[in-house]
Amino acid sequence: IERFVFASSCSLYDGLPPGMHDEDAPIQPRAAYATSKRYGEESLIRLVDEGLCPAILRNGTVYGWSPRMRFVLVVNTFVKDALLNGRLTLHGGGWMWRPLVDVRDCADAMIAVYEAPAEKVRGEIFNVVHSNYQIRELAMIVAGSVQLTGHSVGLEEVAAPTLTRDYECANAKLSTTLGFIPRRSVLEAVSDL
């Protein structure tokens, strides 16, 4: 049996009303990236009957250090902006929710799925999330951590854009099925960054 793990994204839930969403929630992707992930998931799931053993991992918004840093992701962007500009911008007051996960936990989740018995993961979708945070909360964590290094950091509230993301993702299925729980917190990653 061919094992295949597909890294997808919790952004598939982005088109749903605010609130907590698990793997059974209907998905309504709004952006091209999320739409491409949806088609990838659907194509792989159709191959289960042909002997493929796909498992889908819907990662939350990833944070943490990597050799090719991505500064379009909220935690990484906040650390960069706090250090370089001394200011963090909170669109719409920062009350929107995001599911978050450390890049190292994403890698560990993939290993856990590869090592799991095929009957537990074949055709299954798992959210990979450490915790859900409001953007405002993330800004305060980053600002507080950066201020401990002697840098001054201010928070600036601006109007929300027309299209905002506001969703939370449940992560219980991964822990109850495979016993895997993401363990690296935002605070730990911010301190590392």
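Structural notes, computed from the coordinates. Since this is a predicted model, take the numbers as computed values, not measurements.

Glancing now at the pattern of salt bridges. When the charged atoms of two side chains lie near each other, side chains of opposite charge can form a pair. Taken as a whole, this structure holds 14 salt bridges when the rule is applied. Glu41 is the partner of Arg58 in a salt bridge, and the nearest nitrogen-oxygen pair spans 2.6 Å. Within this pair, whereas Arg58 is found in strand 3 (residues 52–59), its partner Glu41 is found in helix 1 (residues 32–46), the two being separated by 17 residues in sequence. With respect to burial, Arg58 and Glu41 carry one shared label: buried. Here Arg183 makes a salt bridge to Asp108, at a shortest N to O gap of 3.9 Å. With Arg183 in the loop between helix 6 (172–178) and helix 7 (186–192) and Asp108 in helix 3 (residues 103–115), this pair connects stretches of sequence that are 75 residues apart. A single salt-bridge network, built from bridges that share partners, covers Asp102, Arg104, Glu188 and Asp192.

Spatially, 1-3-7 is the arrangement adopted by the three strands of the open sheet, whose pairing is parallel. In this open sheet, the two edge strands, each paired with only one partner strand, are strand 1 (2–9) and strand 7 (124–128). Averaged over all pairs of adjacent strands, the angle between strand axes in this sheet comes to 25°, irrespective of strand direction. Bridge analysis of strand 1 against strand 3 gives eight bridges, and the strand direction is parallel. Bridge pairing links Arg3 to Cys53 in strand 3. Against the sheet, helix 3 contacts strand 1, strand 3 and strand 7, and its axis sits at roughly 150° relative to strand 1.

Time to look at the side chain of Arg184. Within the secondary structure layout, Arg184 lies in the loop between helix 6 and helix 7. Note on Arg184: relative accessible area 13%, which makes it buried. Only 3.1 Å separates the side chain of Arg184 from the side chain of Asp108, close enough to count as a polar contact. Beyond its immediate chain neighbours, meaning those up to four positions away, Arg184 contacts Tyr63, Asp102, Arg104, Asp105, Asp108 and His130.

Turning next to the sheet that holds strand 8 (residues 131–134). Strand pairs in the sheet, formed through backbone hydrogen bonds, run parallel or antiparallel to each other. Overall, mixed pairing links the three strands, which are arranged 4-6-8 in an open sheet. Edge positions in the open sheet fall to strand 4 (61–63) and strand 8, since each of these has one partner strand only. Averaged over neighbouring strand pairs, the angle between their axes works out to 45° when direction is ignored. Examined bridge by bridge, strand 6 (residues 97–102) and strand 8 share four bridges and lie antiparallel to one another. Bridging across to strand 8, Leu100 finds its partner in Ser131. Sitting on the sheet, helix 5 (residues 135–147) touches strand 6 and strand 8, and the angle it makes with strand 8 is about 90°.

Attention now goes to helix 1. Between the first and last C-alpha of helix 1 there are 21 Å, a value that for 15 residues agrees with the 21 Å anticipated at 1.5 Å per step. Three or more residues of helix 1 are buried, namely Ala34, Lys37, Gly40, Glu41 and Leu44. Viewed end-on, helix 1 has its buried residues packed into an arc of 115°, placing them on one side of the element. For helix 1, exposure combined with an orientation more than 90 degrees from the buried face picks out Ala32, Tyr39 and Arg46. On its buried face, helix 1 is in contact with strand 1, strand 3 and strand 7.

Our focus in this paragraph is the nonpolar core. Ranked by internal contacts, the top residues of the largest apolar core, which has 21 residues, are Val75, Phe78, Leu88, Leu100, Leu138, Val142 and Val186. Counting residues per element, the ones that place at least two in this core are helix 2 (74–85), strand 5 (87–91), helix 5 and helix 7. In terms of residue count, the dominant contributor to this core is helix 5 (six residues). Excluding residues that lie within four positions of it along the chain, Val186 makes contacts with Tyr63, Val75, Leu100, Tyr133, Leu138 and Ile141.

What counts, and where the lines are drawn
Residues numbered from 1 in each chain as written. Predicted model: local features only at pLDDT ≥ 70, side-chain atom pairs only at ≥ 80, totals over all residues. Heavy atoms only, no water. Salt bridge = Lys/Arg side-chain N within 4 Å of Asp/Glu carboxyl O. Helix = DSSP H or I, 4+ residues; strand = E, 2+ residues; numbered from the N terminus. Buried < 20%, exposed > 50% of the residue type's maximum accessible area, 1.4 Å probe, protein only. Pairing = 2+ DSSP bridges. Axes fitted to C-alpha atoms, helices over the stretch in contact; angles between N-to-C directions. Contact = heavy atoms within 4.5 Å. Polar contact = N/O pair within 3.5 Å; in protein donor to acceptor, adjacent residues only side chain to side chain. Expected span 1.5 Å × (residues − 1). Arc of directions from axis to C-beta. Core = buried A, V, L, I, M, F, W, Y, C linked by side-chain atoms within 4.5 Å.

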